[in-house]
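Structure at a glance
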Amino acid sequence: MTGPEQRPTLPERAGDTTAESPWPVRLLSMKIAEYVEKMSVLWVEGQVVQLTRRPGSRTAYLTLRDPDVDMSLSVAISTNALDAMPVPVAQGARVVLQAKPVFWTQRGSLMLDARQIRPVGVGELLARVEHLKRTLASEGLFDPDRKKPLPFLPRTVGLVCGRASAAEKDVVENARRRWPTVRFEVREVAVQGPQAVQEVMAALAELDAVAGVDVIVIARGGGSVEDLLPFSNEALLRAVAAARTPVVSAIGHDVDTPLLDHVADWRASTPTDAGKRVVPDAQEERHGIRQSRERARRALAGHVASERRHLVALRSRPVVANPAAMIDARRAELDALTARSQRRVLASVHRATDHIGHLRAQVRTLSPLSTLERGYAVVQHRDGRVVMDQDDVAPDELLRVRVARGDFATRVVGLPAGQPAEAG
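Summarised in this report is the structure supplied together with it. (Residues numbered from 1 in each chain as written. Predicted model: local features only at pLDDT ≥ 70, side-chain atom pairs only at ≥ 80, totals over all residues. Heavy atoms only, no water.)

With that settled, the discussion passes to the overall build of the protein chain. Along its length, the protein chain carries 13 helices and 13 strands. Long-range pairs, those at least 24 residues apart, make up 58% of the contacts in the protein chain with a sequence separation of at least 6. Surface accessibility of the protein chain: about 27400 Å² in total, with carbon and sulfur atoms responsible for 55%. Distance between charge centres in the protein chain, computed from 59 positive and 52 negative side chains, equals 7 Å. (Helix = DSSP H or I, 4+ residues; strand = E, 2+ residues; numbered from the N terminus. Contact = heavy atoms within 4.5 Å. Areas by Shrake-Rupley, 256 points an atom, 1.4 Å probe, with all protein chains shown as cover. Lys, Arg positive; Asp, Glu negative; His and termini not counted. Charge placed at Lys NZ, Arg CZ, Asp CG, Glu CD.)

Before going further, it helps to spend a moment on the layout of surface pockets. In this structure, the second largest pocket occupies an estimated 360 Å³ of space. Taken together, 18 residues make up the lining of the second largest pocket; nearest its centre are Pro67, Asp68, Arg94, Ser232 and Asn233. Residue contributions to the lining of the second largest pocket peak at five residues, all from helix H3 (residues 122–138). Along the lines of polarity and charge, the residues of the lining of the second largest pocket split into eight nonpolar, five polar and five charged. (1 Å grid on protein atoms, 1.4 Å probe; cavity = no way out; pocket = protein on both sides within 12 Å on 5 of 7 lines; lining within 4 Å. Points joined across faces, edges and corners; volume = space filled by probe spheres on them. Nonpolar A, V, L, I, M, F, W, Y, C, P; charged D, E, K, R; others polar.)

Here helix H4 (residues 166–178) is 13 residues long and its end C-alpha atoms lie 18 Å apart, about the 18 Å a rise of 1.5 Å per residue gives. Where H4 is buried, its residues touch strand S6 (156–161), strand S7 (183–188), strand S8 (213–220), helix H9 (271–277) and helix H10 (282–315). (Expected span 1.5 Å × (residues − 1).)

Another aspect to go through is helix H5 (residues 196–208). Since the α-helix turns once every 3.6 residues, residues separated by three or four places project in the same direction. For H5, built from 13 residues, the straight-helix expectation of 18 Å at 1.5 Å per residue is met to within 8% by its first-to-last C-alpha distance of 18 Å. Within H5 the residues assigned to the buried category are Ala196, Val197, Val200, Ala203, Leu204, Leu207 and Asp208. Projected onto a plane normal to the axis of H5, the buried residues spread over an arc of 135° and lie on a single side. Next to the buried residues of H5 lie S6, S7, S8, helix H7 (234–242) and strand S9 (247–251). (Buried < 20%, exposed > 50% of the residue type's maximum accessible area, 1.4 Å probe, protein only. Arc of directions from axis to C-beta.)

A negative phi angle is the norm for most residues apart from glycine, just as the trans form is the norm for most peptide bonds. A positive phi angle, near 50°, is found at Ala164, a position not held by glycine. On the secondary structure map, Ala164 appears in the loop between S6 and H4. Ala164 sits in the exposed class, given a relative accessible area of 73%. Unusually for a residue other than glycine, Asp396 sits at a positive phi of about 65°.

Burial within strand S2 (residues 59–65) is extensive, with five of its seven residues counted as buried. Across six bridges, the pairing between strand S1 (residues 42–53) and S2 is antiparallel. Considered in S2, the bridge of Val48 is made with Leu64. Hairpin connection of S1 to S2: five residues between the antiparallel strands, including Gly56 at a positive phi of 85°. Bridge analysis of S2 against strand S3 (residues 72–78) gives seven bridges, and the strand direction is antiparallel. When the bridges of S3 are listed, Thr59 appears paired with Ser78. (Pairing = 2+ DSSP bridges.)

Before going further, it helps to examine the sheet that holds strand S13 (residues 406–411). Sheet architecture is open: three strands sit in the order S11-S12-S13, paired in antiparallel fashion. The sheet terminates laterally at strand S11 (378–380) and S13, the two strands that pair on one side only. The average undirected angle you get between the axes of adjacent strands in this sheet is 25°. Sheet analysis places S11 next to strand S12 (residues 398–403), joined by three bridges and oriented antiparallel. For Val379, the partnering residue across the bridge sits in S12 and is Val401. (Axes fitted to C-alpha atoms, helices over the stretch in contact; angles between N-to-C directions.)

Pairing within the open sheet is parallel, and its five strands lie in the order S7-S6-S8-S9-S10. With one partner strand each, in any of the chains shown, S7 and strand S10 (266–267) form the two edges of the open sheet. Relative to S9, S8 runs parallel, the two sharing five bridges. When the sheet's bridge partners are listed, Ile216 is paired in S9 with Val247.

Below, the structure written as structure tokens:
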């Protein structure tokens, strides 16, 4: 007989496994358990979202959830450790656990084996909130410059609130009391406890995507510091800062100041105050319209009265009372100017006439005609040349003689030299 069938040797490391040489499930579970077993005992913080205690059992089970993200771990803890708590553990409580990670190979699940449990004090929670406040302020999330103004009259108001809460009633009733036709898109969510952050963020994102929603109100009533912690959650605050729609924070009472009040675009002291802020007061607006109309009427009446007084003043002027008066004055002025012009022209003509007569007398005195009138004559050759010397004439030459009143012809008679010629 042959010996027992030998099984193939399994790889020692996960990186050495192949499709032909894989690890069985039990080996992988054992390897994970060995790796987890090497982890040290540690302290972990979270929020209790589920607690189960069976009667007679010495072990209790709870779920520890991260308050900022949707991640959780199962925890097993002795009932003696739970009973040692100063106050009973309730769902939503923030705690710290001393635990050892354990991997259950049969179920393939990881859980924490808790040794101690302690509540997170209010002072520590407030210190963490204050640290987050300084961090977000340094990033500029609280700056007034980044805050969006609220619309004067929103088409639709988005409202994130608790289920059947008084905060919803306060916001809706006060808003409709001021503006009866205002419309609301309401999203009812958990406003405290382990699911609050995720549900509020989901409702905010949904309303922010609705085109008709012009403003979003996040509202809840007052409560303890632990109850209001979701509204100081970093993930929620960053989601509010990134929203395109203006967000109004209406959390608790005036003394409650979660970090949402600093990140939101406007802080309402109470949900009632938010209802009054998101819409205008119809009565005040009507009163304002009436006042504006009255001011416009008085201004228009005053302007008309002023223009009427100005018109009366214009009509009372002489030039308007008797339009022909100005024409008559201009006509008289024109007549006077015309007469003066005529006188000046006539005087100028008379002076010119006298001057012409004087010049005529001078010309007459100096002209050759006056010499002729004294008995002299001008003798000219036929070509018009004036006879200046007797030697210039020839016997029998026909000459022209000009006297004071007319002229005549004469012929030269030859005479002895030195004798004057006689006129023929």
